[in-house]
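# Report on the structure
So you can see what is in the structure, the chains are spelled out below.
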Amino acid sequence: MLKSKTFLKKTRAGGVMKIVREHYLRDDIGCGAPGCAACGGAHEGPVLEPQPLDPASSLCPQPHYLLPDTNVLLHQICNCLEAGDLASVASSLRPPGSLETYIEQKQGENANDRNDRAIRVAAKWYNEHLKKMSAENELQVILITNDRKNKEKAIEEGIPAFTCEEYVKSLTANPELIDRLACLSEEGNEIESGKIIFSEHLPLSKLQQGIKSGTYLQGTFRASRENYLEATVWVHGDAEENKEIILQGLKNLNRAIHEDIVAVELLPKNQWVAPSSVVLQDEGQNEDDVEKEEETERILKTAVNEKMLKPTGRVVGIIKRNWRPYCGMLSKSDIKESRRHLFTPAEKRIPRIRIETRQASALEGRRIIVAIDGWPRNSRYPNGHFVKNLGEVGDKETETEVLLLEHDVPHQPFSQAVLSFLPKMPWSITEKDMKNREDLRHLCVCSVDPPGCTDIDDALHCRELENGNLEVGVHIADVSHFIRPGNALDQESARRGQPVYLVKKITQPRIDMVPELLSSNLCSLRCNVDRLAFSCIWEMNHNAEILKTRFTKSAINSKASLTYAEAQMRIDSATMNDDITISLRGLNKLAKILKKRRIEKGALTLSSPEVRFHMDSETHDPIDLQTKELRETNSMVEEFMLLANISVAKKIHEEFSEHALLRKHPAPPPSNYEILVKAAKSKNLEVKTDTAKALADSLDQADSATFPYLNTLLRILATRCMMQAVYFCSGMDNDFHHYGLASPIYTHFTSPIRRYADIIVHRLLAVAIGADCTYPELTDKHKLADLCKNLNFRHKMAQYAQRASVAFHTQLFFKSKGIVSEEAYILFVKKNAIVVLIPKYGLEGTVFFEEKDKPKPRLIYDDEIPSLKIENTVFHIFDKVKVKIMLDSSNLQHQKIRMSLVEPQIPGISIPTNTSNMDISEPEKKKKKLEK
């Protein structure tokens, strides 16, 4: 049956457009209930559970299905209905095209009322229809709605209806579900008799007007990790690139949460402040002691040079909340029998959350998930509800799950839909595969990777040509041959963006971007097997100058899979002269020339200490920890990967000027370099930052005969000044320059197993050389820009997750190691602390000089030098100190590596060398007593 509706619409140009909307109504759609005789067993789409609910409910004792309305579905389905395994007809609700349940909007009826009426019609139809299944059948469909009018009308029409809270509280067998009810009203959930702390958020209409007129600025709220009373807002679409506004103090933060999109009002210039140098963590008192907070805020204000003042503002409204479920721990209330407790998130940038739960004792010492419901004006903390119990704190699998969830890393097993697009085994190269492909299996190709690498996506070769020149090839796994555009495998790879490498996860060493059959087998360029590749081949002279470049899809057979150490041993050996070794020596010689030339152009060589763990094979605990050693062969591989990426970037941009996927590294603003310049000056060195070349030259010349580690420290500090490199679409940007590599254009081509960006680049290059065909999304610059945004986010989250994994295993290492003393260097000087780097472990940590319940020492902070004077001792950046390292378990939620000063000796501050009587945390003291 066809129903149509015609109406007229005025266009912007002033004309009139006739619009006809048609509804095709069907009478052959089944109800979804299995075995329904009335429907003849015909079901289209999802089918209801064979067994409806028969829970111990005081309101609905007979078997029933639940029909939640739209709001309940949006706000409660994941929390209560799914958690209690309560069957719902929502997923198999008869579509609006069903003849018997279709309704039209009445005149004067708004869309919300029409939707409520449609749900009531569906509920009534279900109840009448299900009676036809059997005369004795008492099966019901119950409407769950939190809308008072909708519920009243349903009851008037004879439909059983309850609010979500009424129904959940009636489930005597599932009392814990009450904790999972989301509270939807901020005002309705205010703290009893609490005074107003925050100003009211302006409505969206006023915010939009204010943004349009320039009264307010829109941006992303970014809370500080080091100071819970400070945040920044990065203004969107501002004429000044990367304009940043500082917010200080609870009232100016005004209930914004990390990553929210907010509207801010700039304060008058006489109220502008400088970024605080104080490290401040929320102590999380259970009472709302706002006066104490205001006292704490005063220490943020310091007399500073006027040049250091930054635009300062306050949050006037929330444009978009970016809340998510948060992992963390319950901080149980000291009040006996209290149901209201504080939850401490694992992410320090998220405020504590008030929740009500009857399971506080059972949840103590567990990692749990909590969702935020709202933040009333009279509450120091937002309100939320319990969602899920993850497991015991400290358990390796639980902690890994937490860090993956916290960093939004997709880590579920690949679905059957994704796996269905994998090639069938056994697999081999066919004649069809060789179409538009060059056979290079005769070449002496080899790979050089870290020990234990199974996802080998690059291999190299070098040989002398008859004309005396050299042929150099970079061969990259042809992942795009197996992952075709638009299918489930492609979509999942795009969503994941890249793998995440964790420190020896018990169940899996990494979270793959593509299924293991591809990553560790068919795409991995292992030795002595035929593999499909995409090759970039240059003809060079012996001075590493490129004479010709060509790209081809290929088939290769790697002759060796070497580690960096094995390749280095071959290059250095006086007795080895086989084809592989000769190829490696040629590559190494050319790489040195390429690197020298790149550095002469202004490319930066910066240091970043990386840590490698040696694990116990049975317990998977770290038993040794050391910084990674870099060899000549690391640099050799890197040079040719960089060269291939640059060559491919030029090619795809020539062919696709508007939709090439490129990678850029913006030059840092001059203010970023202030700390580096000051640090060098404190050691009587000058670092010039006008250009990348000037910075590179300054770093090369910054040597000290008495302090050999100084240059490494300067380079580490220089990395902290850098901007983040990002993917972008060439048609949406005009600045292509890669600052760190001193290259005018760059992309990622060399790691398609590890990066989805490289798969897109392979597809573009394949089209450019006529080896594959294009498809619409590949040449849509807006879709490519959205993809780049996701890839940049995934890259950032993967980095954070990997660092969190290293941090957790470092804690495990020092838990078993006990208290140790090591030499360290000061990286940053803060107002009440110093941040130090311990070269032996590549470990960074903070030494605090003010401790709770202890006399405060006399501290004088000078930001200009910068320096911190404690009593009569002055600390500068890069000064050498000695620290004691131990695991502080006093806060189970945020267990951390605690560092205390040993040398230089400052009375009342430094820890004595003898650690036998050293103060340890309360939990450790109790543990030791029990052991005795």
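Look up a bit, the structure's there.
Residues numbered from 1 in each chain as written. Predicted model: local features only at pLDDT ≥ 70, side-chain atom pairs only at ≥ 80, totals over all residues. Heavy atoms only, no water.

### Focus on the packing of aromatic side chains
Worth spelling out the cut-off: Any two of the Phe, Tyr and Trp rings considered here, Trp counted by its six-membered ring, make a pair once their centres fall within 6.5 Å; the pair's planes then place it as stacked at under 30 degrees, edge-to-face at over 60, or tilted in between. Labels follow the DSSP assignment, with helices taken as runs of H or I lasting at least four residues and strands as runs of E lasting at least two, numbered in each case from the N terminus.
Counted under the stated rule, the structure contains eleven aromatic pairs. A centroid spacing of 5.4 Å and a plane angle of 25° characterise the contact between Phe-707 and Tyr-825, whose relative ring orientation is stacked. Of this pair, Phe-707 sits in the loop between helix H17 (692-701) and helix H18 (710-721) while Tyr-825 sits in strand S29 (residues 820-829); the two residues are 118 residues apart in sequence, bridging distant segments of the chain. Note on Phe-813 and Tyr-841: the rings are 5.8 Å apart at their centroids and 65° apart in plane angle, and the pair reads as edge-to-face. Here Phe-813, found in helix H20 (residues 781-817), pairs with Tyr-841, found in the loop between strand S30 (833-838) and strand S31 (843-848); they are 28 residues apart in sequence, far enough to count as distant.

### Details of helix H14 (residues 579-600)
Side chains three or four residues apart in an α-helix point the same way, a direct result of the helix having 3.6 residues per turn. To be explicit about the condition: For a helix, the expected span equals 1.5 Å multiplied by the residue count minus one. Three exposure classes are used, based on accessible area relative to the maximum for each residue type with a 1.4 Å probe and protein chains only: buried under 20%, partly exposed in between, and exposed over 50%. In the analysis that follows, any N or O atom pair within 3.5 Å is treated as a polar contact, provided that within protein one partner can donate a hydrogen and the other can accept it, and provided that, for residues neighboring in sequence, both atoms belong to side chains.
Here H14 is 22 residues long and its end C-alpha atoms lie 32 Å apart, about the 32 Å a rise of 1.5 Å per residue gives. Taken residue by residue, H14 has Ile-580, Thr-581, Ser-583, Leu-584, Gly-586, Leu-587, Asn-588, Leu-590, Ala-591, Leu-594 and Arg-598 as its buried positions. Of the residues that open H14, the one with a side-chain oxygen 3.1 Å from the backbone nitrogen of Ile-580 is Asp-578.

### A closer look at helix H9 (residues 396-406)
Threshold: We call two residues in contact whenever any of their non-hydrogen atoms come within 4.5 Å of each other.
Along H9, eight of the eleven residues are buried, which leaves the element largely enclosed by surrounding structure. All of the buried residues in H9 are Lys-396, Thr-398, Glu-399, Thr-400, Val-402, Leu-403, Leu-404 and Glu-406. Buried residues in H9 make contact with strand S11 (326-331), strand S14 (366-374), strand S15 (383-392), strand S21 (510-511) and H20. Positive backbone phi, at 55°, marks Asp-408, one or two positions downstream of H9.

### Here we look at the sheet that holds strand S5 (residues 161-162)
For clarity, the cut-off: In short, DSSP must find at least two bridges between two strands for them to pair.
Reading across the sheet, the three strands line up as S3-S4-S5 and stay open at both edges, with parallel pairing between neighbours. Two strands lie at the open edges of the sheet, namely strand S3 (64-68) and S5, each paired on one side alone. Bridge count for strand S4 (residues 140-144) against S5 is two bridges, and the pairing is parallel. Looking across to S5, one finds that Ile-144 is bridged to Phe-162.

### Examining unusual backbone geometry
At the junction of Ile-865 and Pro-866, the peptide bond is cis and its omega measures out at -20° in the coordinates. Note on placement: Pro-866 falls in the loop between strand S32 (859-862) and strand S33 (867-870). Here the bond from Glu-903 into Pro-904 is cis, since omega is 5°, no more than 30 degrees from zero. Looking at the secondary structure, you find Pro-904 in the loop between strand S36 (896-903) and helix H21 (922-931). Look at Asn-254: it is not a glycine, yet its phi comes out positive at around 45°. The buried category is assigned to Asn-254, whose relative accessible area is 0%. Non-glycine residue Phe-878 carries a positive phi angle of around 80°. Mapping Phe-878 onto the fold places it in the loop between strand S34 (873-876) and strand S35 (880-888).

### Here's the deal with the nonpolar core
Condition: Residues enter a nonpolar core if they are buried and are Ala, Val, Leu, Ile, Met, Phe, Trp, Tyr or Cys, with the set joined through side-chain atoms within 4.5 Å.
Within the largest apolar cluster, 91 residues are counted, with the highest numbers of intra-cluster contacts made by Phe-640 and Leu-661. Setting aside residues up to four positions removed in sequence, Phe-640 forms contacts with Leu-460, Val-472, Val-474, Trp-538, Met-540, Leu-587, Leu-590, Ala-591 and Leu-594. Membership of the second largest hydrophobic core comes to 54 residues, among which are Ala-692, Cys-721, Val-835 and Ile-870.

### Some remarks on the pairing of strand S9 (residues 261-266)
The side chains of a regular strand alternate, first on one face of the sheet and then on the other. By the bridge criterion, four bridges tie strand S6 (residues 217-223) to S9 in an arrangement that is antiparallel. Counterpart to Thr-220 in the pairing with S9 is Ile-261. When S9 meets strand S10 (residues 313-320), the two strands line up antiparallel, connected through six bridges. Looking across to S10, one finds that Ile-261 is bridged to Lys-320.

### What to know about the packing of H14 against helix H15 (residues 632-655)
For clarity, the cut-off: Think of each axis as a best-fit line through the C-alpha atoms, taken over the contacting stretch in the case of a helix, with angles from 0 to 180 degrees between the N-to-C directions. Reported orientations rely on four angle classes, namely roughly parallel under 35 degrees, roughly antiparallel over 145, roughly perpendicular from 65 to 115, and oblique for the rest. Each helix crossing is assigned a hand: it is left-handed if the near helix lies turned anticlockwise from the far helix by less than a right angle, otherwise right-handed if that turn is clockwise. In this count, Pro and Cys sit with the nonpolar residues alongside Ala, Val, Leu, Ile, Met, Phe, Trp and Tyr, while Asp, Glu, Lys and Arg are called charged and the others, Gly among them, polar.
H15 packs onto H14 with a crossing angle of 70° between their chain directions and a minimal axis gap of 8 Å. The angle between the axes of H14 and H15 places the two elements in the roughly perpendicular class. Of the two elements, H14 crosses H15, and the hand of that crossing is left-handed. The segment H14 lies against H15, with Leu-584, Leu-587, Asn-588, Leu-590, Ala-591, Lys-592, Leu-594, Lys-595 and Arg-598 engaging Glu-632, Ser-635, Met-636, Glu-639, Phe-640, Leu-642 and Leu-643. Its residues assigned to classes, the contact of H14 with H15 shows nine nonpolar, two polar and five charged.

### With respect to the sheet that holds S14
The mixed closed barrel is built from five strands, whose spatial order is S11-S12-S13-S15-S14. Neighbour-to-neighbour, the strand axes of the sheet open up by a mean angle of 55°, direction not taken into account. The pairing of S11 with S14 spans three bridges and is classified as antiparallel. Within the sheet, the bridge partner assigned to Gly-328 lies in S14 and is Ile-368. Packing against the sheet, H9 makes contact with S11, S14 and S15, and its axis sits at approximately 140° to S15.

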